Structures are given as structure tokens and as C-alpha cells.
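Report on the structure
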Amino acid sequence: MLKKLVLSASLALIAASGAVAQEQVLNLYSARHYSTDETLYSNFTRITGIKINRVEADDAGILARLKAEGSASPADVILLVDAARLYKADVDGLFMPVKSKVLESSIPAQYRAPATAAGTSWFGYSTRGRVVVYDKLRVKREDVDTYEELADAKNKGKLCIRSGSHPYNLSLFGAVSEHLGAAKAEEWLKGVVANLARAPKGGDTDQIKGVASGECQIAVTNTYYMARLLRSNSADDKAITDKVSVVFPNQASWGTHLNISGGGVAKNAKNSANAVKFLEYLASPLAQEYFANGNNEWPTVPSVKVANPALQAMSGGSFKSETIPVSVIGSNQTKVQQMLDRVGFK
């Protein structure tokens, strides 16, 4: 009788262990803090049966946590939201290079890390234009249709912008440095500082509100912030969008700067196969369409069509974007930060 009980207990333990072993999970560290992404993640679980355990923080917090955890980190996938942070994570060795024909064929080389013999460390999945918002009654469109004009004396005392050291601006300034060269870019940054209507503060939405309230006349923002206001049913948000217009800078030259959201497999991933499945899912038409329609971003996969009314209204359906590889823009961040310190751009 005792032997039977021991045997039964052993079989039960084996069955339980098998059930645990069969449970498929993915540990995601994400700087994407958008409630609309819930559907993006639940769709992946529905399709694959892989449960997502998610940790959310800003980009700096994610990178600091990964460094502190080291090889003991449970992270399988890292998602970050700008070129500067993706580049830093790559330089710090936080990604595991992967080889995926799906990702390499879907995502243009411009929107992923340079390939090595070991594979590619990160991939971009969505973009946001860094555009200019202006007071439609007090500012002429032709006075703000290039990034260079943000530093022109004609716009003195008109500009609102968030901290120069914020990743969104580090990426923009890194792109401008690539286009103009370091010396001219630093002179440009001096002009931007001279044209500020107030000290940099707040987020991108605050800059748009600053234009609408009359605190300033020109602001810089990522497109998805403006798209949120355009799609809002709030009377207050409509009052804001009625007072401002949007311009995609440099359409006659190098094109509008695009910021990026992307990610890769964590260096110490314990579920690397599931991680690659997730990255490939993010490049699928279903996920790419969700980036566009759920969070007002442009897909990086060229074949995916955008049917977002706010993005269409802002861009007129299409616009010229810059073609500098995102990895190059990210690599300029240290040089740009030194420029910001020299010109007093906080």
C-alpha cells in the first residue's frame, strides 16, 4: 500500500513538473508605457499561447535595471523608444544578436542595427516624426518649415521645447549634426537656445499646449502626441488643435527626422526562442497595423499601409523622411550632449 502511495505521489510530481515545463513565458522589459499596447501583447499570447510577464519603466530605468541584474536578469526582450537609448543599450552589450530571415526581410536596414557575423542586435518597429507645431495666426508656415529656422533670429523668443538632453531631442540633434556637421550644428544649437520663449520644461504635449495658450508660438513635438489630441473627443483638446498647425520640416532637403521605437533579445534571455517569436510578431502586418492605428505611429515595414485619420491629416498622406541609419544617429549622442553643455541647453 505504501509503495502504491509513493508511486502515485511520484507520478503526480512528474505530471506537475511536466505541466510547469510546458508553460511558455516571455519576460518583457518595456519602455513603451502606452495603455493601447495591451491589445498588442494580448494578441501575441492569443496567437502563440506564450504568456507575457511585463516590467515597465522609462528607458533609463530599464537600462539601469538590466545592468544591476547582470547575468541573473530574467529579461527576454527589451523594448526602448528612441535611437539614443537603443544605441546605448547596444554599446553596453545588453542585447543578444539574432539571425532571423523574417526580420531581415521585413525591416529595412535603416531601421535596425548593423548586422554582424553573430546576427543583428536590435530592430525598429515603429517611427514618429519630430515635427514643428506653430500658432496658425501669428506664424507663417514658411518661417518654420525647416529645422534650421528654429535657430533663425526671426523666431527669437518664440520657441518652446522640452529638455535638450531628453532622448527625443538627443536623437533629433544627432541627426542635425549628421546633416550639418558638428561645428555648424553647435552654432545651430546656440541659435535654438537664443530663440527660447521660456526655459525647457515638460513633455511634448506641454509644448503644444504652450503654443495654444500663447506662451510661445513655435514648438517641437513627436507626431503621436499631436495625433492623440487630434483623435481626442475632449473639447479642451479640440480647442488646442484648432489653434495650431503642423509642419513636417525639410521636405525640400533631407526630410523630416524620425524617432524610433524598437527592441531586441536580452543578452541573458532564458527564453530566447520565445523572444525571437515575439520580435517577429512585432514585424507582422497585424502588429504593424496596430502600431499605426493603436498608438499613432508609422510602421517600419514598408508594405503595411496606414489608415490612421490623424496621421493622414497631419502629413497629407505622405511626407519625405530622412534616410540616415538610426544607428548612426544614436552614435552621435555623446557628441551632442557635449555641445548642449557648451551652449547651455538644459
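Residues numbered from 1 in each chain as written. Predicted model: local features only at pLDDT ≥ 70, side-chain atom pairs only at ≥ 80, totals over all residues. Heavy atoms only, no water.

1. Details of the overall build of the chain
Tallying secondary structure elements over the chain gives 15 helices and nine strands in all. C-alpha atoms of the chain, sized along the principal axes, occupy 95 × 45 × 35 Å. Evaluated residue by residue, the chain yields a buried proportion of 52% over its 346 residues. The contacts of the chain with a sequence gap of at least 6 include a subset with a gap of at least 24, amounting to 77%. For the chain, the accessible area works out to roughly 15,000 Å², and carbon and sulfur atoms hold 55% of it. Between the mean site of the 40 positive side-chain charges and the mean site of the 33 negative ones, the chain shows a separation of 4 Å. (Helix = DSSP H or I, 4+ residues; strand = E, 2+ residues; numbered from the N terminus. Buried < 20%, exposed > 50% of the residue type's maximum accessible area, 1.4 Å probe, protein only. Contact = heavy atoms within 4.5 Å. Areas by Shrake-Rupley, 256 points an atom, 1.4 Å probe, with all protein chains shown as cover. Lys, Arg positive; Asp, Glu negative; His and termini not counted. Charge placed at Lys NZ, Arg CZ, Asp CG, Glu CD.)

2. With respect to the packing of helix 6 (residues 167-180) against helix 7 (residues 182-194)
One can describe the packing of helix 6 onto helix 7 by two numbers: an axis separation of 7 Å at closest approach and a directional angle of 130°. By the angle between their directions, the pair helix 6 and helix 7 is classed as oblique. In this structure, the crossing between helix 6 and helix 7 has a hand that is right-handed. Across the interface between the two elements, Phe173, Val176, Ser177 and Leu180 from helix 6 touch Ala182, Lys184, Ala185, Trp188 and Leu189 from helix 7. Residue composition of the contact of helix 6 with helix 7, grouped by class: seven nonpolar, one polar and one charged. (Axes fitted to C-alpha atoms, helices over the stretch in contact; angles between N-to-C directions. Parallel < 35°, antiparallel > 145°, perpendicular 65-115°, else oblique. Left-handed = near helix turned anticlockwise from the far one by under 90°. Nonpolar A, V, L, I, M, F, W, Y, C, P; charged D, E, K, R; others polar.)

3. Thoughts on the confidence of the model for the chain
Predicted coordinates in areas of low pLDDT are best not read in detail. Per-residue pLDDT for the chain averages 92, and the proportion of residues at 70 or more is 94%. Contacts for the low-pLDDT stretch residues 1-21, under 50 throughout, to residues beyond four places or in other chains number zero contacts. (pLDDT = per-residue confidence, 0-100.)

4. Some remarks on the packing of aromatic side chains
Scanning the model with the defined rule gives 12 aromatic pairs in all. For the ring pair Tyr34 and Tyr224, a centre distance of 5.7 Å and an interplane angle of 75° mean the geometry is edge-to-face. One end of the pair, Tyr34, is in the loop between strand 1 (25-30) and helix 2 (37-48); the other, Tyr224, is in helix 9 (residues 223-231), and 190 residues separate them in sequence. Taking the relative accessible area as the measure of exposure, Tyr34 reaches 4% and is therefore buried. By relative accessible area, Tyr224 is classed as buried at 0%. Relative to Trp298, the ring of Phe248 has its centre 6.2 Å away and its plane inclined at 80°; by these criteria the two rings are edge-to-face. Highlighted residues: Phe248 in the loop between strand 7 (244-247) and strand 8 (258-265) and Trp298 in strand 9 (residues 298-299), separated in sequence by 50 residues. Residue Phe248 shares its accessibility class with Trp298, and that shared class is buried. Counting every residue linked through ring pairs, the aromatic cluster contains Tyr34, Tyr168, Tyr224 and Tyr225. (Phe/Tyr/Trp six-rings, centres within 6.5 Å; stacked < 30°, edge-to-face > 60°.)

5. Overview of the nonpolar core
Within the largest apolar cluster, 75 residues are counted, with the highest numbers of intra-cluster contacts made by Leu80, Tyr125 and Phe278. Broken down by element, the residue count for this core peaks at six residues, all from helix 11 (residues 272-282). When near neighbours in sequence (up to four residues on either side) are disregarded, Phe278 contacts Leu26, Leu28, Tyr41, Phe44, Ile52, Val77 and Leu79. Residues Val132, Val176, Val220 and Leu340 belong to the second largest nonpolar core, which totals 27 residues. (Core = buried A, V, L, I, M, F, W, Y, C linked by side-chain atoms within 4.5 Å.)

6. Examining the pairing of strand 2 (residues 51-56)
Of the pairings in the sheet, the one linking strand 1 to strand 2 comprises six bridges and is parallel in character. Across the sheet, the residue bridging to Leu28 is Arg54, located in strand 2. Of the crossover connections in this fold, the one passing from strand 1 over helix 2 to the parallel strand 2 is right-handed. (Pairing = 2+ DSSP bridges. Right-handed = clockwise from strand over helix to strand, strands pointing away.)

7. Considering the environment of Lys136
Mapped onto the elements, Lys136 comes out in the loop between strand 4 (123-135) and strand 5 (159-160). Lys136 sits 81 residues away from Gln217 along the chain, and the two C-alpha atoms are 8.7 Å apart. Setting aside residues up to four positions removed in sequence, Lys136 forms contacts with Thr241, Asp242, Lys243, Val244 and Ser245. Looking at Lys136, its side chain comes within polar contact range of the main-chain oxygen of Asp242, at 3.1 Å. (Polar contact = N/O pair within 3.5 Å; in protein donor to acceptor, adjacent residues only side chain to side chain.)

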